[in-house]
Structures are given as C-alpha cells and as structure tokens.
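Coordinate analysis (summary)
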Number of protein chains: 4
Amino acid sequence: MTTSSTSIRTAVAGATGYAGAELTTILRRHPHAEVVAEYSSESFSVDALASSHAEVVFLATPNEVSAEIAPKILGLGMKVVDLSGAFRLRQAGLYPKWYGFAHEHPELLDEAAYGLTEWCNGELKKARLVANPGCYPTSILLALRPVAFLIDREQPVIIDAKSGVSGAGKKADVSYSFAELFGNFKAYGVGSHRHEPEIRQGLHLGEKATLVFVPHLLPTVRGILSTMHVGFTHSVNDEEIAEMYAKAYANAPFVKILEPGRLPELKDVVNTPRCDIGWRLLQGGRRAVIVSVIDNLLKGAASQAVQNFNRMYGFPETEGLQ
Amino acid sequence: MTTSSTSIRTAVAGATGYAGAELTTILRRHPHAEVVAEYSSESFSVDALASSHAEVVFLATPNEVSAEIAPKILGLGMKVVDLSGAFRLRQAGLYPKWYGFAHEHPELLDEAAYGLTEWCNGELKKARLVANPGCYPTSILLALRPVAFLIDREQPVIIDAKSGVSGAGKKADVSYSFAELFGNFKAYGVGSHRHEPEIRQGLHLGEKATLVFVPHLLPTVRGILSTMHVGFTHSVNDEEIAEMYAKAYANAPFVKILEPGRLPELKDVVNTPRCDIGWRLLQGGRRAVIVSVIDNLLKGAASQAVQNFNRMYGFPETEGLQ
Amino acid sequence: MTTSSTSIRTAVAGATGYAGAELTTILRRHPHAEVVAEYSSESFSVDALASSHAEVVFLATPNEVSAEIAPKILGLGMKVVDLSGAFRLRQAGLYPKWYGFAHEHPELLDEAAYGLTEWCNGELKKARLVANPGCYPTSILLALRPVAFLIDREQPVIIDAKSGVSGAGKKADVSYSFAELFGNFKAYGVGSHRHEPEIRQGLHLGEKATLVFVPHLLPTVRGILSTMHVGFTHSVNDEEIAEMYAKAYANAPFVKILEPGRLPELKDVVNTPRCDIGWRLLQGGRRAVIVSVIDNLLKGAASQAVQNFNRMYGFPETEGLQ
Amino acid sequence: MTTSSTSIRTAVAGATGYAGAELTTILRRHPHAEVVAEYSSESFSVDALASSHAEVVFLATPNEVSAEIAPKILGLGMKVVDLSGAFRLRQAGLYPKWYGFAHEHPELLDEAAYGLTEWCNGELKKARLVANPGCYPTSILLALRPVAFLIDREQPVIIDAKSGVSGAGKKADVSYSFAELFGNFKAYGVGSHRHEPEIRQGLHLGEKATLVFVPHLLPTVRGILSTMHVGFTHSVNDEEIAEMYAKAYANAPFVKILEPGRLPELKDVVNTPRCDIGWRLLQGGRRAVIVSVIDNLLKGAASQAVQNFNRMYGFPETEGLQ
C-alpha cells in the first residue's frame, strides 16, 4: 500500500530515444518516482543496473534487446515495463515471422501483462512484467474494443492508419531524412508490419477473420490517426454506440469520446496523454467509420507506461501526467 | 485537322486560383495555345470574353459560377473545358443534395464529355463541353477502372483518400490557416463530399453497392494519395493484375504502373502530370489494397484539362506537358 | 504575504487566441490561481468582469482593445497584466506612428511596469498594471542586456529575427493560409514593425544609434530565433562574456546560457518557458553573433505573464510553469 | 559555331544526389544536349567515361572527388563543369583550412572560369573548366555586386542567410532526419562555412574588411533566402539603386529585380532557375537591407550549370531552362 509520500526507485534503459526521452521527462516530474538510473541502449549493463537498486525498470530498447535483458532484470528481483514488442504477443511462434527472432522465454509471454491500461484490471498490481502496447495497436484497440462484439467478422476489418515520423525512432537513414519526407506521404509495411499480429490478438480475431492493416507515414513528427472501417452484425444508432463507449470508458481519464458524428484531429492530442475517438455510422447503422487519435510517443508509448506504473503501485492513474 | 503551326485562341476564367494559375502557366508555354484572355472569378464577364474571340474557354471557377456561365459561353460558339463539378454528374437530381443548387441545364449534363482523358475515345474531338474530373475521382477511377469487373460489389468498396491543402483552393479561413494545419491531420466530409457521387458514377456502382469514401487533409500543399480496399469475385495473381493495367494504359503517357508489390509515394508525382499506381494482393488474391498518387493541381485539374485540350484539337496528348 | 494555500482569482480576456489559450491552460493548473472568468476579445464586457470579483485580469486582446479597457479594469480596483503592446512604450507620442492610434492614457505608460521578468526588481510586487513584453523584444533584450554596456553604439545593432506563424495570431487571411506559407520564408515589416521602438527603448539606444530590425516569417508554428550582430567598444573573450551572462541570470530559472561557441536551436525551447542564449565572438573579440531562442507563445507571451503574476503575488517564479 | 540541330554529348557524375538529379533532368530535355553517360559518385570511373565520348562532363560529386577526377577528365580532352567547391577559390592555400585537403592543381584554380553566369563574359566560351558557384555565394554575389562599389568596407558586411535542407545533400545522418528538423530552425557553421571565402573572394573584400556570414537551416527542402546588411559610403535613393540593378541585369533572363521597397519570398523562386532581389534603404540611404532568393538546387547548382553550358557552346542562355 502506497502513501502520498511514497517514492519508487525507477530506471530507464533506452533513455535517449524519442519515447525514452519522453518517459524520462515524465518520470522526473512524477511526484512518486525517483529516476535513479538512465541508460542509452548501448550503455546499458545488468551489473550497473543491479547496483542502482531500482524497483522498476522501464525498457525503451529495441525488441531484441528487451527480449534479452528483461529476463535478467526480473532475475534481479526488479519489475519491468517494456515499451518494445518483445513480450506483447502471446504466441512465441509468431516471433520469427514478425520480429525476425525466435523467442527464448515463452513462459514470460504467458506471464506478461498486456498494458493497454484502460482494459487492465487487477493484473497490473501483481505484474512483474508489463508489455506496453504498440502505438498503432493502442490507437486501434481503444477504439474498437468497446464495439468489438458488434463487428461482423465475416467482413474484413479494414484499418487505414497514419503515423508521424517519430514512430520509426531516431534513425540515421536517408529514407527518414527531412529532404525525403517533407511534403511526402506513403503507405508502408502492408502485410508485414509487426503491429498486425498484436492488433489481431487484441481484437480476438480468429484465424479466419480478415484484417487489413495499412500503415502510412505522415509528414509530421508526432501523432497517429487511425481510420477504421467495420461492418456490424446488425444495425445500431448513434445513441447505442455512444453508450457503449461511455460505459467502456466511464473511469478512463485519458480517453475522450466525441459527440456523435464528430471526428477527432491529430492536433487535439499531440503533446497530451489522451486518446480521442469519434465515429460516423453508414449504411443505416450497419457499418461505421471510426477514427481515433493519439500522440504516439505518449499514449502510444511513454505516458501509457506511466499509467501502467501508477496502476502497478496504486497511485492515481493520472499522477505525473497532467 | 491541325498542323504543327496551329495555335488555338484560349481564355481562362478563374486564373488566380491555384488550379487556374497552374493551367495558365501550362497554356502559356504550350506550343499550340495562345492565351488571349485571363479573368479572375470576379472580373469575368461574358461581354469581355466575347470580344476576345477565344475558341476555347477554361473555367477554373466555383461550381455555381461555372453552371451559370458555361451555357452562355457555349452560346457564343466557344468550347468550354470546365474544371469545376458543374457538369460532372449525369443526373441533375443529384445537384441539390451534393452541390447545394438546382441544375438548370440538364441537357448539358447529357452532352458534356467526362474528361478522364485515359478513358475517353473520340468524344473529346467532338465535344463542345468537357467536364474535367475532380481530383479525388481522377486518382480513384484511374486506379480502379482497369480491375472494376473483378470487384465484388457485394462487399463495400472502401476508399481512404488523403489530399494536400491546395485542394481546398485559396481560402481566407482560420481552419485553413498555417497555424491550424501545420503538423495536423484529419478526416473530413465523410458521407458528404461532392466527389462521392462522381466516384460512384465513374465506377458504375449501382444503387445497392456500398461505397465508403473518407477524405483526409494532409499537412502538405500538393498531392493526393488514395488507398483503396476492394474484394474480388475470384482469386487473381499479380501477373493478371499487371496485365490488366498494362492493357488499360498501353497508350497512356501519364499513367505509370509500378512493379507488383511496390506502392507509390506522393513525392513521385508532385509537380508532374502523372498518376502512379501500385497494389498489394491479400487473402490469396481475393482482395487488394490499391494505392494511387497524383498531383491534385495537375493530373487532378490543370494538366488533365490540357490533356483534354490536346485531344480536342488533335495535338499529341503530351503537348505542353513535358 | 502569500501562503502555500493562497489562491488568486484571475480572469482572462482574449482567451481564444493562441497566447490567451496557452495562458488559460497554465493558469488552470497553477496551484495558486483560480480562473474565475474567461472571455474572447468579442465577448468581453467590463460589467461582466466586475461581477467576477477577479483580483487580476490578463489581457490577451488586440492593442486598441487593451488600451481602451485596461483603464476601466484598473478603475474596478483590479490589477492588469496586459499581453498587448498598449502599455509597453514609455512615450505616448510613439503610438500614432507605430500602433496607428493616439494613446489616451499617457499616465499609465508612466505607471506600467515593463514585465521582462528577469530584469524586474520590486516593481512587479507593487504594480497595478504590467505591460508584458513583445515576443521579439523578449528574445532580443534577454540576450543583449547583459552585454549592453559593451556594445559600440557608433556601429549599427543588426537584428535578424525569425518567428513562427503563431506570432501573427489567429487569422482568416489568405496570406497566412497553409498553402501560402508551407515551404515558404520571407522578411516582413522592415522599418515598420511595432516591436522596433520597444527594442530601442529596452536597449536604451539613443536617437542617434542605428538599429536594424528585420523580422522574418518561418514556416513553422511556434518559436522565435533572433540572430544579433553587434560590435563591441573593446575586445573581449569568451570567459568574460560567459561571466556577464552568468551574473545577469544567476537567479533566473528560465534563462539558459550555452557553453561558449554553442548556439541554441528552436526545438530546444518550443513548448518550454525558457530562453536559451549562445554566442560566437568574431574579429578577435571585437564583434559577436548572439543567438537566442524562445517559444513565442510562452516566454514571448503566456509563461512570462505567469512569471510576472508569480512575482506580483510573491509566489516562486517557477510556480505553474514546470 | 553551333546550329539549331547541334547536340552536345554530355555526361554527369554524381547523378543520384539532389543537384545531380536536377541537372540530369534538365539536360535530358535540353534540345541541344544528349546525356550519354550517368554515374553515381561511387560508380564513376575515368575509363568508363573515356569510352562514352562525352564532350563535356558535369561533376556533382563531393569536393575531394571533383578535385581528384577533374584533371583526369580534362586529360581526356573533355570539358568539365564542376558543381563542387574544388575549383572555386583562386588561392590554393585556402583549401586546407576551409575544405580540409591540400589542393594539388593550383594551376587549374588559375584556369577555371568562375561560372556566376550573369557576371561572365567571353571566358565561358573558351573555358575547359568551369567552377559552378556555391548556392549561398550565388544568392549573395548576384545581390551585392551591382552595388559593391557603394559598400563601405570600413563597416562589416553582414549576411544572414537561410537555406532549405537539400543544401546539405542526401544524408544518412540523424541530425538531418525529419524528426530532428521538422519545426526546427538553427544557425550553423558560423565562421567555418566553406562558402565564406568564396563570398569574400567574389566581393573582392580585402583582408581587412569584415564579413559576417551566418547560415541557418530552414525547415523546408528547397530554397535560399539571404538577408544582407550593408552600409554605403554615401547616401543613395531608390531610383539610383534601381538603376544600378537594371543596368547590371539588363540582359539577364533569370534575374528579377523587384520594385523599390518590395522584398522577395522563397516560394517566388522555388522550382525556377531565377534569382529575385529586393531592398530597403535605411538611415536616409546610407544603409540597406538587401534580400535575395534562389532555388538552391537550380540557380544555386543545376540550372546555373546549364546556363554556363549554354554560354560555353553558344546556345541561348535560356535553352532548356524554361
């Protein structure tokens, strides 16, 4: 049980990347966190970490690095909140195809709490290992889960998502250079993006349901807007949809549901920890276009990690985030 | 019959807008066009035009203005290429709902040639009135028509399109100001965009087929990228699709079909008169994501108008455009 | 004398503009401020304000509006922090030329405290009326004042300043539209910008000294970078300059002086209340290029207003700003 | 003597960089040029070039590469237009400090024609080797040379220049990545930019005159705007300045002088081969702010190279550039 004067010793690995830097900034001003150690992905060592006496370690490291070091950190008796994809998928067998490496700790995939905060219950309080969701999946699952039981899985679920460039991380790569991307726009990773199995898993789409996920690269730095096209098994009206969302997010301080018919825009949420969601019904309520927006570095990474941290230690969910 | 030294007397109304300015620039350097008069939408008068002795008048004027003045210009014995939506829809009854005015010349809707150049045959040569297609419909119809007979109309045709800001024209409007749009992104006009009935008409979708058209506003000035999601009636492979496109555009100098699996990006076509098209097959060839890009002010407006002009007068289609 | 539980009743006029909105956001989360009333520039009325029982009123209103309503608000016994230029110049005679209106309350020009916070002493505590500095003058005066006595006034002081578009406010004006400004850059207001006499006054440049102030419009939303070119009366070295800055800003939480030879960039301060300053000596220390950066909506407007508010009421200078 | 049907065999080395790609595009549509060979900087070999039987070779290669291969190409009896800085400075002794390598062919520095086209006379016709000017120097020298004799060299010549990101070339470098530069702005290279000695040389500033050159990086891809601050030896008026420019550029198709008091903006020239120049007189005509704009990849590189090519072979200066 935590009290108002409790301060948790935290460490951050990968603190120099975009998400890691945001995370470190938030933790530094968090009233109940003390940042006792920071590492770049390169400078990290388990020995150094051991001597920091951190209670919880945030990993903003590459997938392979997280997969390798998280078990060791758990071995030190520290908790882990991993912002990479290393522990997000339940099935170890998916890792070779989607992530390019075989997963050596399937037992941790079973154990890890999938930290889509608004859909977590008591599991975060007990978790040793939290898999912080991907940025695209966060924007999509928050929007689709409240209406998921309505969705007709005989029809394809089509997701046309657009992300700012920071989603790709800090890259010394001509194809991410200013001169190549300014004023440009493109789809990428159709059929091969790592977030696709995570979305499929998060929607409990069976093997047979069709998911079309087309990510695009926006010529801006921050933010994701996902446009989701779904068919429903029966006709619904705006009031019913509004009620489903209201019920799902009655106690969610960082999810904002717009008035029926209104759609959110990216700038509404950039630099905020929020997810905003709107929809338009079509075909007499048999189909909808649902649009959600998040800041990919915050709700899509750092601020959601802190929401999870708050839940793990029993702090108010908004602590450090307002 | 035209000869290499032929020069056609042309006039432009709406020459100060973005599309009108591009058009005027192209016509001025066109070897077979002489720009004998230019008007802003405000300064235009039929009397002044009459004394210009133009042979063909390009209208880059608002829909209502074009609807009003085109019949008068035709009455002067001049030809008209209209870049607005005033003569694009066959059914006059659609105008009140989609354009906000009743159409007073349904006979001209019958007469007008719909100038999606690559899909025109002899009609441009005989046309008195050419309705230049909308920017979104151009990007969409060029991509979908070659595979239209394959498309399963029992499934929704879902089009997620994104346009640069110049598509909205020159606007003194806070919501189009730099400070509001820079770094922003949003969907708009879902279910109410004027190009929706034009796309439906151009795809010969019957009343029952579902078309979902979601335009978005990109934080850049020029270019449209349309992401199209279609189901097919039967399974196809890349070679078959490639052949359909190759056949459709064998003689189209401004349509470029990418290698199977490759998708175009916006910068490939900005400042060019081209439309680039790529696709990815999904579900074992039962479904595709098709992506096309154009410069909305060129292939989506001015350069397509000049392609049409070239065809009307028997000049090579590329004249003035390379 | 204020205590930790003190809460000051504040009102904001002009709360819907860019600076006003930032200000309102800050005040709402300020531990010692209560926002009891908000008005747009249009909806403001002195009567409504009177019934709000505010103690201090922030004006983010146009110059003429502030000039007219500030005296009335003071008449209600409320304090005023004015973010416009209405009370910045000491000499009433300058208003017709630079602001286009005759100033009707020269006595208030005498009384107003010029709120360049770091250079204020006790005057803010006693002030009824604070003139919050202009954005360009803030970036320039903070950089030049510590070395002002060194500057050779026989040589021109040349200031080449660049501002993001939000500096112009919310405008329904084609020349501030996205399509006109994206990818563009230009100088404007040479010899006629309202901040020029304010800079001249703030540097105590006499009539004869030459000030060249060339503002430019950057294709981004937020931030000002000022490049200042000054000659010195005698040769100095980096250590001496560093010491002058260190002394001037020893107790300034929001001014950051860079290591000798390093120059700040815009992104260092965007979305922060800070001013960062760097310099390069030239000509053997007889001349310098000094570069400063601020967020024009924060240190150049809203956060500096709150720094002033904190000083007026004896709160820590950083309260509500970290 | 060339005739209208003459076609010159040209080769381009460095054709994949930004300037090289622009150059190749122009040459391909040039009525009197045939591109017989293209090389990336990496794929270039003198042997391959020899077999191309090119008459003239354009080098859009790094400085060191140009310095090494130009003499060999001249040895093949081919002419060279070099877009790098390898042959721009007259004094070999400047190369180690500014370019980081010792120049091995000082005799070629004597021989090379400095191709600031508008200021060249017969030398281009005779040249074997043309040193195409740097982008910043082009924008600055075109603006200052017509008034150079007026400039008071006792006062510093202060140049505050701003360039789009393409000026740095195609770079796999985090500091040129989109995420780092979008919405950012900074000065760089104060006192160390390679174009500084070139500007000094081009203005015939002696050792003692002070030149302050501060380049900045604009968050856009194309274009340079240079703001120049100069004092005059005596007072002049707008008509006199206008006359000087008119005289200097009477026959210059690609220099546009604005009306007195008007200043050019970047978008006026982006994607054009033009340099636009404007000025404002200050201090009763004893001082001026002069502003010029160019597209750094065209007038600052590729189109100026083609202007030079046209002059070398006696083609009209505008051939291939309109």
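Please read these numbers as outputs of a predicted model, since none were measured by experiment.

A count of helical and extended segments in chain A gives 11 helices and 13 strands. Expected size for 322 residues packed as a compact globule is a radius of gyration near 20 Å; at 19 Å, chain A falls within 12% of this value. With respect to the principal axes defined by its C-alpha atoms, chain A has extents near 60 × 45 × 35 Å. Residues counted as buried form 55% of the 322 residues belonging to chain A. For chain A, the proportion of contacts with a sequence separation of at least 24, taken over those separated by at least 6, is 69%.

Counting from both sides, the interface comprises 32 residues of chain B and, opposite them, 32 residues of chain A. For the side of chain B that touches chain A, the elements supplying multiple residues, two or more each, are strand 7 (157-163), strand 8 (186-187), strand 9 (211-217), strand 10 (224-231), strand 12 (275-282) and strand 13 (287-294) of chain B.

This paragraph deals with helix 7 (residues 135-144) of chain B. Most of helix 7 of chain B is tucked away: 10 of the 10 residues are buried. Of the residues making up helix 7 of chain B, those classed as buried are B:Cys135, B:Tyr136, B:Pro137, B:Thr138, B:Ser139, B:Ile140, B:Leu141, B:Leu142, B:Ala143 and B:Leu144.

Turning our eyes to something else, we now look at the sheet that holds strand 2 (residues 33-39) of chain A. Residue and element names in this part refer to chain A. Overall, parallel pairing links the six strands, which are arranged 2-1-3-4-6-5 in an open sheet. Each of the sheet's edge strands pairs with one partner strand only, and the pair in question is strand 2 and strand 5 (113-114). Along the sheet face, helix 3 (residues 63-75) touches strand 3 (56-59), strand 4 (79-82) and strand 6 (129-131) and points at about 160° away from the line of strand 4. The strands that helix 11 (residues 302-313) touches are strand 1 (8-13), strand 3, strand 4 and strand 6; relative to strand 4, the one it contacts most, it runs at about 155°.

Take the domain arrangement of chain A next. All names here are of chain A. In terms of domain boundaries, chain A breaks down into domain 1 (8-132 + 301-313) and domain 2 (136-294). Averaged C-alpha coordinates put domain 1 and domain 2 at centres separated by 24 Å. Taken residue by residue, the interface counts 14 residues in domain 1 and 15 residues in domain 2. When residues of the side of domain 1 that touches domain 2 are traced back to their parent elements, those giving at least two are helix 4 (95-99) and helix 11. Grouping the amino acids of the side of domain 1 that touches domain 2 by side-chain chemistry returns seven nonpolar, four polar and three charged.

Further remarks concern the sheet that holds strand 1 (residues 8-13) of chain C. Residues and elements named next belong to chain C. Ordered by their spatial adjacency, six strands build an open sheet running 2-1-3-4-6-5, and the pairing between neighbours is parallel. Edge positions in the sheet fall to strand 2 (33-39) and strand 5 (113-114), since each has one partner strand and no second. Across two bridges, the pairing between strand 5 and strand 6 (residues 129-131) is parallel. By the bridge assignment for strand 6, Tyr114 is matched with Ala131. This element, helix 3 (residues 63-75), spans strand 3 (56-59), strand 4 (79-82) and strand 6 of the sheet and lies at about 160° to strand 4.

Here we take up the relation of the copies chain C and chain B. It takes a turn of 180° to lay chain C on chain B, together with a shift of 0.0 Å along the axis; the resulting RMSD is 0.0 Å. One copy is carried onto the other by what is essentially a two-fold rotation axis. Most of the interface of chain C is mirrored in chain B, where 100% of its interface residues again form contacts.

The next point concerns the packing of helix 7 (residues 135-144) of chain A against helix 9 (residues 195-202) of chain A. Residue and element names in this part refer to chain A. Close contact between helix 7 and helix 9 brings their axes to 9 Å; oriented N to C, the two are set at 25°. What the angle tells us is that helix 7 and helix 9 run roughly parallel. Handedness of the crossing formed by helix 7 with helix 9: right-handed. Contact with helix 7, carried on its side by Tyr136, Pro137, Ile140 and Leu141, involves His195, Glu198, Ile199 and Gly202 of helix 9 and no other residues of that element.

Attention shifts here to the relation of the copies chain B and chain A. With an RMSD of 0.0 Å, chain B superimposes on chain A once it is rotated by 180° and translated 0.0 Å along the axis. A shared interface surface links the copies, since 100% of the contact residues of chain B are contact residues in chain A too.

Right, let's talk about unusual backbone geometry for a bit. Residue and element names in this part refer to chain C. One non-glycine residue, Gln283, lies in the positive phi region at around 50°. Here Gln283 is to be found in the loop between strand 12 (275-282) and strand 13 (287-294). The partly exposed category is assigned to Gln283, around which 13 C-beta atoms lie within 10 Å.

What follows is about the interface of chain C and chain B. Each partner contributes residues to the interface: chain C has 17 residues there, and chain B has 17 residues. Looking at the side of chain C that touches chain B element by element, the count peaks at three residues for helix 8 (residues 178-181) of chain C. Taken together, the residues that form the side of chain C that touches chain B break down as 10 nonpolar, four polar and three charged.

Now for the nonpolar core. One finds A:Val57, B:Val57, C:Val57 and D:Val57 to be the most contacted residues of the largest nonpolar core, which totals 404 residues. Setting aside anything within four residues of it in sequence, one finds A:Val57 in contact with A:Ala11, A:Ala13, A:Leu49, A:Ile73, A:Met78 and A:Val80.

Attention now goes to the environment of D:Asn271. Within the secondary structure, D:Asn271 sits in the loop between strand 11 (255-257) and strand 12 (275-282). Separated by 128 residues in the primary sequence, D:Asn271 and D:Ala143 have C-alpha atoms spaced 20 Å apart. Apart from residues lying up to four places away in sequence, D:Asn271 is in contact with B:Asn271 and D:Asp295.

Next up on the list: the packing of helix 1 (residues 18-29) of chain B against helix 11 (residues 302-313) of chain B. All names here are of chain B. In the contact formed by helix 1 and helix 11, the axes pass within 8 Å of each other and the chain directions differ by 45°. In terms of their interaxial angle, helix 1 and helix 11 are classed as oblique. Judged by the twist between their axes, the crossing of helix 1 over helix 11 is right-handed. Between helix 1 and helix 11, the contacting residues are Ala19, Glu22, Leu23, Ile26 and Leu27 on the first element and Ala302, Ser303, Ala305 and Val306 on the second. Here the contact of helix 1 with helix 11 is composed, by residue class, of seven nonpolar, one polar and one charged.

This paragraph deals with the confidence of the model for chain A. When pLDDT is low, close inspection of the predicted coordinates is not appropriate. Looking at chain A as a whole, its pLDDT mean stands at 96, while 98% of the residues score no less than 70. Our summary of model confidence lists the complex with pTM equal to 0.96 and ipTM equal to 0.95.

With respect to the secondary-structure elements, B:Thr210 resides in the loop between helix 9 (195-202) and strand 9. Look at B:Thr210 and you get partly exposed, because 16 C-beta atoms sit within 10 Å. Here the alpha-carbon distance between B:Thr210 and B:Gly223, two residues 13 residues apart in the chain, equals 26 Å. In this structure B:Thr210 touches A:Gln283, B:Pro156 and B:Val157, once residues within four positions along its chain are discounted.

Right, let's talk about the pairing of strand 1 (residues 8-13) of chain D for a bit. Taken residue by residue, a regular strand's side chains alternate between the two faces of the sheet. Residues and elements named next belong to chain D. Examined bridge by bridge, strand 1 and strand 2 (residues 33-39) share six bridges and lie parallel to one another. Looking at the pairing, Thr10 lines up with Val35 of strand 2. Assessed by its sense of winding, the connection that carries the chain from strand 1 through helix 1 (residues 18-29) to strand 2 is right-handed. As judged from the four bridges shared by strand 1 and strand 3 (residues 56-59), these two strands associate in the parallel manner. When the sheet's bridge partners are listed, Ala13 is paired in strand 3 with Leu59.

Quick notes on the rules
- Residues numbered from 1 in each chain as written.
- Chains lettered and ligands numbered in written order.
- Predicted model: local features only at pLDDT ≥ 70, side-chain atom pairs only at ≥ 80, totals over all residues.
- Helix = DSSP H or I, 4+ residues; strand = E, 2+ residues; numbered from the N terminus.
- Rg over C-alpha atoms; globule rule 2.2 N^0.38 Å.
- Buried ≥ 20, exposed ≤ 12 C-beta atoms within 10 Å, placed from the backbone.
- Contact = placed C-beta atoms within 7 Å.
- Pairing = 2+ DSSP bridges.
- Axes fitted to C-alpha atoms, helices over the stretch in contact; angles between N-to-C directions.
- Domains from an automatic or database assignment.
- Nonpolar A, V, L, I, M, F, W, Y, C, P; charged D, E, K, R; others polar.
- Least-squares fit on C-alpha atoms with pLDDT ≥ 70 in both.
- Parallel < 35°, antiparallel > 145°, perpendicular 65-115°, else oblique.
- Left-handed = near helix turned anticlockwise from the far one by under 90°.
- Core = buried A, V, L, I, M, F, W, Y, C linked by C-beta atoms within 7 Å.
- pLDDT = per-residue confidence, 0-100.
- Right-handed = clockwise from strand over helix to strand, strands pointing away.

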